[in-house]
Amino acid sequence: MEGYRLFRKNRQGRKGGGVALYVREHYDCSQLQYKEGEKLVESLWVRFKGANSSDVVVGVCYRPPNQVDEVDEAFIGQLSEASRSQALVLMGDFNHPDICWETHTAVHRQSRKFLENVGDNFLVQVLKDPTRGRAQLDLLLTNREELIGDVEVGDNLGSSDHEMVDFRILTKGRKESSKIHTLDFKKADFDSLRDLMERIPWDVNMKGKGVQDSWQYFKEALLKAQKETIPTHSKRGKPGRRPDWLTGEILGELKHKKEAYRKWKLGQMTREEFKCIVRECRGAIRNAKAQMELRLAKDVKDNKKGFYRHVNKKKVIREGVQSLMDEGGNLVTDDVEKAEVLNAFFASVFTDKVGSWTSVLSDARREEDGQPLVGKEQAYTVSSCIPLWAGILAIISVNVQTIIVLNGTET
């Protein structure tokens, strides 16, 4: 497919079969090779580069219903190796319809073994709905449940009797270094800027120029002086925030769990001891989250922003503009109609009344070509209606009459 990169692994020994994965070309990814059962297992693994080295491994697998124990063992070896990554998403047809994912029980021996290895690798089965009739053959596994969102099951692709699974991997790509530079006003030399602007003979240089030429000359002179007197610095993004429930005590529990996992893999700790530590860590995290939410609920009157910020983080889909009522009393739900209602409302606050400054220009003397001629007496009246020019005058000390005449000419 155009714009996509294809990863595929064909079934060995026969035509047809195998697995494939299409990835958009702009993603930085590469295929992983696991020696354990490389030729036997119908699976492929792709690593996606993420932000701050938080890569995501995506696996695709197909397990035939009559697969022998040798191939099952090879796949379990691949799964154990892939589970060591920081974030893992595994999808595919595993043909274990006898597994009950609510009670984590299975009937057949191979299904029980698969279920046991899913637990050993701390994977969670996210998919809840059946994908072929009433059977749940297709699975969506991950070691970070918050990584998966917007899971939907429905419709068929072509003549397939399996329903499609649509979901999102909620992670950010690798951040690029910021190339945006902004003015550093804290280190600006405004005295030098004012001195440079006062040295320019505005009357001589702007004599005979039109409005646009005068404005272009003024802008170039100001930017040149700004470059000499105001330094720039690169704009940095805000650092990521930790969850509110992540205290120092929880961090210690997580480090203790990570160290226990390392010891268990090296054989320095039994599986029961390791699982006990995992349960304690999970319980501490759940308790910390519950305490934080209870605290937010109690202090909602004094800390409304914190409460609604926490609620918005829990939402998968952000709410847009709600339904509006037009002038005729009809409920509007379409986006285009909402925009028209809002435009009509905002336009209603404007009037056709003319400001008092227009009378000053109407009473002013005019030149032969019809342009108004504004004197010093009228210049101050007009300048009070133009705060932008007043601000510029305060900074660069330019002749007031020259600026106002130009503005009057443009008007």
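These notes cover the structure that comes with them. (Residues numbered from 1 in each chain as written. Predicted model: local features only at pLDDT ≥ 70, side-chain atom pairs only at ≥ 80, totals over all residues. Heavy atoms only, no water.)

Further remarks concern the environment of Tyr 4. For Tyr 4, the position within the fold is in strand β1 (residues 4-9). Separated by 22 residues in sequence, Tyr 4 and His 26 place their C-alpha atoms 8.6 Å apart. Discounting residues that sit within four places of it in the chain, Tyr 4 has contacts with Tyr 22, Val 23, Arg 24 and Glu 25. A polar contact of 3.2 Å, which involves the side chain of Tyr 4, links it to the side chain of Arg 24. (Helix = DSSP H or I, 4+ residues; strand = E, 2+ residues; numbered from the N terminus. Contact = heavy atoms within 4.5 Å. Polar contact = N/O pair within 3.5 Å; in protein donor to acceptor, adjacent residues only side chain to side chain.)

According to the stated counting rule, one finds 14 aromatic pairs in the structure shown. A centroid spacing of 6.0 Å and a plane angle of 80° characterise the contact between Trp 202 and Tyr 217, whose relative ring orientation is edge-to-face. Of the two residues, Trp 202 sits in helix α4 (residues 202-205) while Tyr 217 sits in helix α5 (residues 211-229), which places them 15 residues apart along the sequence. The exposure class assigned to Trp 202 is buried, which follows from its relative accessible area of 8%. A residue is classified by how much of its surface remains accessible, and Tyr 217, at 24% relative accessible area, is partly exposed. Judged by centre distance (5.6 Å) and plane angle (65°), the rings of Phe 345 and Phe 346 are edge-to-face. Taking relative accessible area as the criterion, Phe 345 reaches 52% and is therefore assigned exposed. (Phe/Tyr/Trp six-rings, centres within 6.5 Å; stacked < 30°, edge-to-face > 60°. Buried < 20%, exposed > 50% of the residue type's maximum accessible area, 1.4 Å probe, protein only.)

Quick look at the pattern of salt bridges now. As enumerated under the stated definition, the model contains 12 salt bridges in all. The partner of Arg 11 in a salt bridge is Glu 42, with the nearest N and O atoms 2.7 Å apart. A residue pair is termed long-range when its members are at least 10 positions apart, and Arg 11 in the loop between β1 and β2 (19-24) and Glu 42 in strand β4 (residues 42-48) qualify at 31 residues. The partner of Arg 199 in a salt bridge is Asp 195, with the nearest N and O atoms 2.7 Å apart. (Salt bridge = Lys/Arg side-chain N within 4 Å of Asp/Glu carboxyl O.)

Moving on: the nonpolar core. The biggest cluster of nonpolar side chains holds 23 residues, and the ones touching the most others in it are Trp 45, Phe 75, Leu 90, Phe 94, Phe 114 and Leu 141. For this core, the secondary-structure elements that each account for two or more residues are β5 (56-62), α1 (69-82), β6 (88-93), α2 (109-120) and β8 (138-142). Top contributing element to this core by residue count: α1, with 5 residues. Apart from residues no more than four positions distant in its own chain, Leu 90 is found in contact with Trp 45, Gly 59, Val 60, Cys 61, Phe 75, Leu 79, Leu 139, Leu 140 and Leu 141. Counting 19 residues, the second largest nonpolar core, distinct from the first, contains Val 60, Ala 87, Val 89 and Ile 148. (Core = buried A, V, L, I, M, F, W, Y, C linked by side-chain atoms within 4.5 Å.)

Attention now goes to the sheet that holds β8. If you trace the 6 strands from one edge of the open sheet to the other, you get β3-β4-β5-β6-β8-β7, paired in mixed fashion. In this open sheet, the two strands that pair with only one neighbour each are β3 (29-32) and β7 (124-125). By the bridge criterion, 2 bridges tie β7 to β8 in an arrangement that is antiparallel. By the bridge assignment for β8, Gln 125 is matched with Leu 141. (Pairing = 2+ DSSP bridges.)

Attention now goes to the pairing of β4. With 6 of 7 residues buried, β4 lies mostly within the body of the structure. Note: β3 against β4, 4 bridges, orientation antiparallel. The partner of Ser 30 across the bridge, within β4, is Arg 47. As paired strands, β4 and β5 are joined by 7 bridges and run antiparallel to one another. Residue Phe 48 lies in a different strand from β5, and its bridge partner there is Val 56.

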